[in-house]
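Descriptive analysis of the structure
The lines below spell out each chain.
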Amino acid sequence: MKYDAFISYRRKTGFLMAQVLRELLKEKGVRCFLDLEQEHSGQFDENLFVAIQESANFILVLTNGTLERCVNEDDWVRREYLEAVRLNKNIIPVRYPDFTFPQEKELIQQLPDCMKMLDTKQGVLLSQEYLPATIEKIRDYLVDVEEPVSNLLQTDAFFQEGLKKIASVSGVDMAFHAGAEWQRETEKVDILTDIIDRHLKLRVLVNTGDVAELVCSHMRQPLKKYVSLDDTAAEWDELSKKFPQNIEVRISDVPLMHRMYIIRGKDGGAVNVKYYTYGNYRPSDNYHVTFYGTDDAYQLYTKEFDYIWEKASRPLGTN
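Rules and cut-offs
- Residues numbered from 1 in each chain as written.
- Predicted model: local features only at pLDDT ≥ 70, side-chain atom pairs only at ≥ 80, totals over all residues.
- Heavy atoms only, no water.
- Helix = DSSP H or I, 4+ residues; strand = E, 2+ residues; numbered from the N terminus.
- Rg over C-alpha atoms; globule rule 2.2 N^0.38 Å.
- Buried < 20%, exposed > 50% of the residue type's maximum accessible area, 1.4 Å probe, protein only.
- Lys, Arg positive; Asp, Glu negative; His and termini not counted.
- Charge placed at Lys NZ, Arg CZ, Asp CG, Glu CD.
- Contact = heavy atoms within 4.5 Å.
- Axes fitted to C-alpha atoms, helices over the stretch in contact; angles between N-to-C directions.
- Parallel < 35°, antiparallel > 145°, perpendicular 65-115°, else oblique.
- Nonpolar A, V, L, I, M, F, W, Y, C, P; charged D, E, K, R; others polar.

Topic: the overall build of the protein
Each helix and strand counted, the protein has 11 helices and 12 strands in total. Against the globule reference of 20 Å for 319 residues, the protein gives a C-alpha radius of gyration of 25 Å, more extended than a compact globule. In terms of overall dimensions, the protein has a C-alpha envelope of 85 × 40 × 35 Å along the principal axes. Of all 319 residues assigned to the protein, the portion counted as buried reaches 49%. Distance from the positive charge centre (40 side chains) to the negative charge centre (51 side chains) of the protein: 1 Å.

Quick look at the structure:
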């Protein structure tokens, strides 16, 4: 699933609380879809139903007056709820202290049968005083929520956890100056072997030797011996020829100022980024962070890789 939960709410009375729920659940690793648009076009209507379909759970925020307008067939809360019922989603009512179920018999009769059952359906009572406990209880009611990969993972842990936890991995992308360690360090060779054994598509983007030298020359440790950039490029070329169905390598004149590893999945993925630092010869000291499929940063970095790959690189071995 692309999202762990879809949050439905009455804009007039539940907007702020819905935002609070989203942010606090995000801290728990729960990916939530929350509609923040003020107006709906026909296209956006369809996007809402797609988001419900792509969510494992449906959280209904019940605040004062939430259900009264649900007697109208075109009401958004009603339409979202009926879609969740139709798709057999796990529905979690979250009741605000001021919420009361409609008392007027005529109004109750106009509600869909599945909404009438909300009066007795077990849910979560939202308490601002004990908000952390409330969030934990909501988290306990959720189903099919995968534990997120940490956002501060070093390379080995990123791949080891990401390849396990990201659903339906479709491919892996790498971008760096040279990547000599990928055929020398045991842990990285294991990861590379795993990618090949899984028959995943691996795209490798490296800099030309002269461009990489402009940056790498400022990050070398005195007295340490390094593999030449040209030799490393030749090694990647040899590996791609050995596994042509798995590995494709391209070379770029655009200086790569940060290293990127991307695991692409059916419903998103993850990108691990490390920023190169002039004068620093210890890669582990460089700032690094991981972003996931629902983060805007994930989209930005994957688009950056795709742009350089398609528009500013060429197959290794060509001029």
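Focus: the environment of Gln19
If you trace the backbone, Gln19 turns up in helix H1 (residues 11-27). Separated by 31 residues in the primary sequence, Gln19 and Val50 have C-alpha atoms spaced 20 Å apart. In contact with Gln19, not counting residues within four places along its chain, are Leu34 and Leu36.

Thoughts on the environment of Arg86
Take Arg86: it is sitting in helix H3 (residues 76-86). A C-alpha to C-alpha distance of 9.9 Å links Arg86 and Gln53, two positions 33 residues apart in sequence.

Digging into the packing of H1 against helix H6 (residues 131-141)
Viewed as axis vectors pointing N to C, H1 and H6 meet at an angle of 75°, and their least axial separation amounts to 10 Å. As the angle between them shows, H1 and H6 are arranged roughly perpendicular. Together, Val20, Leu21, Leu24 and Leu25 of H1 and Leu131, Ile135 and Ile138 of H6 make up the contact between the two elements. Grouping the amino acids of the contact of H1 with H6 by side-chain chemistry returns seven nonpolar, no polar and no charged.

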